[in-house]
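The primary structure of each chain is shown beneath.
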Amino acid sequence: MRNREFDVIVVGSGMSGGYAAKQFCEKGYRTLVLDRGEMVKHGQYKTEGKAPWQMPFRGDVPEELKAEQYIQKDVYIYSDYTRHHLINDQDHPYEQKRPFVWYRGSKVGGKSLIWGRQSYRWSRLDFEANKLDGNGVDWPVRYEDIEPWYDQVEPFVGISGSYEGLDVLPDGKFLPAQPLNIVERDMKQRIERAFPDRHFIPARVANLTQPAKQHLELGRVQCQARSECPRGCSFGAYYSSNSAALPAAERTGNLTLVANAQVQEVIYDEASGRASGVAYVDMRSGERKRVRARVVFMCASTLASVQILLNSKSKVFPYGIGNRFDVLGRYIMDHCGGGGASGMMPGYLGDYYKGRRPGGIYIPRFRNINETHGAFERGYGFQGAASRASWQWAKSAKGIGKAFKARVRQPGNWYFSMWGFGESLPKRDNRVYLHESKRDQWGMPLLVMDVAYTSNEQAMIRDMSETAAEMLKVAGLVDIRPFEGEALPGSAIHEMGGACMGRAVETSYLNKWNQCHDVKNLFVTDGSAFSSGSCVNPSVTFMAFTARAVDFADQQLKQGYL
Ligand SMILES: Cc1cc2nc3c(=O)[nH]c(=O)nc-3n(C[C@H](O)[C@H](O)[C@H](O)COP(=O)(O)OP(=O)(O)OC[C@H]3O[C@@H](n4cnc5c(N)ncnc54)[C@H](O)[C@@H]3O)c2cc1C
Ligand code: SF4
């Protein structure tokens, strides 16, 4: 391995890196993927299918183990079933100049193993937002530039969804939608009648409702509605790098995947003005290695890619490779959340549903589309679901005997909950940088988070809470409880920005092809490339940009420019 030369190095094997590897391998390039995580092969999911009584702590995590994951323990999927898919915070610390929660995957496949699978296209409005309201840097691309790449990525991923014809949430290439349940169907009618600009639709999720040939060829079959996805699914019924992109790359024979490889630096070659490869540490032996390639793709996730780029210092670029104008690490964004409402739906007690649907409903953005809200710029969408209370309430209830057992067997009332994801504004002062002296045990400088929300995000969260409550009221729910949580950057796990795309080297890091303005064979295609954040879940858009950048790099390689 030491001196072997590759065509392409991809750093990271998650949502963006996995897809980059697949595309390059299928185009015939010898591709090296380096990932800091431990290897987990598809199907080797150690807690999959286990019942609570097969787990030592019934699925709970003892406090002493939580201490190792003092940040990860707060992510909503955290349990004894999933914690091995999340990083050990003691081993991978970072600094918080201002509070920031950084949730990270611990395995090859990254967060693709544990993501919520909500998959939406961005709209025209999203790519024009910066230009229209003057925040951040204008995107050098528009929806039309990325549309064909959604068309390529979505069928491979396998996204279930309904065709709605909405400008604000473009339709894609969908598998059949997961059906709404009876309560959701009635809520949809009532909400859409009362608010003609609000649409209550099935969530679009990367779970296979009707596998196509390309899924079956990879051994991926129909979703069984167990809703245990973050444990890993050997049916391959939800999309992850491990179940889909990496096996597709592997079958070409062009993939070399190295796990436990912490990339620390992209190496800049002064003579050619190009990246010659990367330097990494074998995290188990501590050995330092260098590998060379014609092209480097950074896909280590938004903040990790920025960390590596900032640490890639040379005489020409003392502040990080390609960072002549202090643009690297700036305009960090996440979706702001925490606003919503829940309530109880009376009646429907004769109605039930089968299985545990791994999705729910979505209400696309309706603020600041045709009217101006006044209190904030941009907008938010809601995710939610209706379900019946199950026997789980009995875990903490007192009782014994026949009557108690009979009561536990009865399904409870119907409840509905919805929560918003809002677009935060790209601000230059929301930034990350390297700590001057602190390093992790492998020698990587720690990242310092200096990010905060403004009154814009706070006003948006307040509005989420109010509009959620008003919709639940017209939908006929009772005991409505609006909530308005603290919006902590990072908590939506949709980090973006830091190496933004733009038109000029003075104000942006990448050009319209995700290519570093100053280092032409260096590409960044994860969320760090994003110049604004939209309000919809971003991962399928990371993949679409990755697909587009691979295609461009392929053409450049063939024409001899790289
Ligand atoms: C619980 C949860 C729910 C989510 N739900 C959704 C959702 O519904 N919809 C959605 O769109 N998004 C969702 N997300 C976010 C989504 O997972 C991320 O946007 C996506 O995975 C980012 O892709 P990525 O390729 O940039 O990073 P990742 O998928 O995190 O992959 C990055 C990879 O790089 C590796 N790496 C990091 N640093 C280094 C280094 N120095 N050297 C080598 N390798 C490195 C990591 O080990 C990792 O494997 C969710 C995330 C979580 C945790
Ligand atoms: S819900 Fe579907 S994708 Fe998720 S674990 Fe179950 S079968 Fe797999």
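- The protein chain has the name GMC family oxidoreductase in an unreviewed UniProt entry, where Microbulbifer salipaludis is given as its organism.
- Quoted straight from UniProt, the Cofactor (unreviewed entry) entry for the protein chain says "FAD".
- Entered under Sequence similarities (unreviewed entry) in the UniProt record, the comment concerning the protein chain runs "Belongs to the GMC oxidoreductase family."

**Points about the UniProt feature "domain: Glucose-methanol-choline oxidoreductase C-terminal" (unreviewed entry) in the protein chain**
1) Next: UniProt feature "domain: Glucose-methanol-choline oxidoreductase C-terminal" (unreviewed entry): in the numbering of this structure it lies at residues 426-545.
2) Next: Here residues 426-545 runs as 22% helix and 23% strand, with 19 Å between its end C-alpha atoms.

**Re the UniProt feature "domain: Glucose-methanol-choline oxidoreductase N-terminal" (unreviewed entry) in the protein chain**
1) Next: Per the UniProt entry, the sites bearing "domain: Glucose-methanol-choline oxidoreductase N-terminal" (unreviewed entry) are residues 29-312 in this numbering.
2) Next: Counted over residues 29-312, helix gives 23% and strand 14%. Its end C-alpha atoms are 25 Å apart.

**Some details on the site of ligand 2**
1) Next: Near ligand 2, the surroundings consist of 13 residues, among which Cys223, Gln224, Ser227, Cys229 and Cys233 are the closest.
2) Next: In the shell around ligand 2, the residues fall into eight nonpolar, three polar and two charged.

**Notes on the nonpolar core**
1) Next: The biggest cluster of nonpolar side chains holds 103 residues, and the ones touching the most others in it are Leu34, Tyr239, Tyr509 and Leu522.
2) Next: A per-element tally of this core places helix H4 (residues 143-157) first, with seven residues.
3) Next: Once residues within four sequence positions are removed from consideration, Leu34 is found in contact with Ile9, Val10, Val11, Gly12, Val258, Ala261, Val263, Val278, Tyr280 and Val291.
4) Next: Ala386, Phe416, Met464 and Met471 belong to the second largest nonpolar core, which has 31 residues in total.

**Focus: the side chain of Ser119**
1) Next: Take Ser119: it is sitting in the loop between strand S3 (95-96) and helix H3 (124-133).
2) Next: Among the polar contacts made by the side chain of Ser119, one reaches the main-chain carbonyl oxygen of Arg117 at a distance of 3.0 Å.
3) Next: Setting aside anything within four residues of it in sequence, one finds Ser119 in contact with Ile159, Arg204, Ala206 and Val540.

**Some words on unusual backbone geometry**
Where the residue is not glycine, phi is negative for most of them; where a peptide bond is considered, it is trans in most cases.
1) Next: Residue Asn368 is not a glycine yet carries a positive backbone phi of 55°.
2) Next: Here Asn368 is to be found in the loop between strand S11 (361-363) and strand S12 (380-388).
3) Next: The phi dihedral of Ser534 falls on the positive side, at around 50°, and the residue is not glycine.
4) Next: As for its placement among the helices and strands, Ser534 is situated in the loop between strand S18 (522-524) and helix H11 (539-558).
5) Next: Look at Ser534 and you get buried, because its relative accessible area is 0%.

**Regarding the sheet that holds S11**
1) Next: Overall, antiparallel pairing links the six strands, which are arranged S4-S11-S12-S13-S10-S16 in an open sheet. Two strands lie at the open edges of the sheet, namely strand S4 (201-202) and strand S16 (478-484), each paired on one side alone.
2) Next: Bridging between S11 and S12 involves three bridges; their strand directions are antiparallel. Bridge pairing links Ile363 to Phe382 in S12.
3) Next: Packed on one face of the sheet, helix H10 (residues 455-474) meets strand S10 (336-345), S11, S12, strand S13 (414-422) and S16 and runs near 15° to S10.

Rules used in this analysis
Residues numbered from 1 in each chain as written. Chains lettered and ligands numbered in written order. Predicted model: local features only at pLDDT ≥ 70, side-chain atom pairs only at ≥ 80, totals over all residues. Heavy atoms only, no water. UniProt positions renumbered as here; feature names shortened; annotations may be inferred. Helix = DSSP H or I, 4+ residues; strand = E, 2+ residues; numbered from the N terminus. Near = heavy atom within 4 Å. Nonpolar A, V, L, I, M, F, W, Y, C, P; charged D, E, K, R; others polar. Core = buried A, V, L, I, M, F, W, Y, C linked by side-chain atoms within 4.5 Å. Buried < 20%, exposed > 50% of the residue type's maximum accessible area, 1.4 Å probe, protein only. Contact = heavy atoms within 4.5 Å. Polar contact = N/O pair within 3.5 Å; in protein donor to acceptor, adjacent residues only side chain to side chain. Pairing = 2+ DSSP bridges. Axes fitted to C-alpha atoms, helices over the stretch in contact; angles between N-to-C directions.

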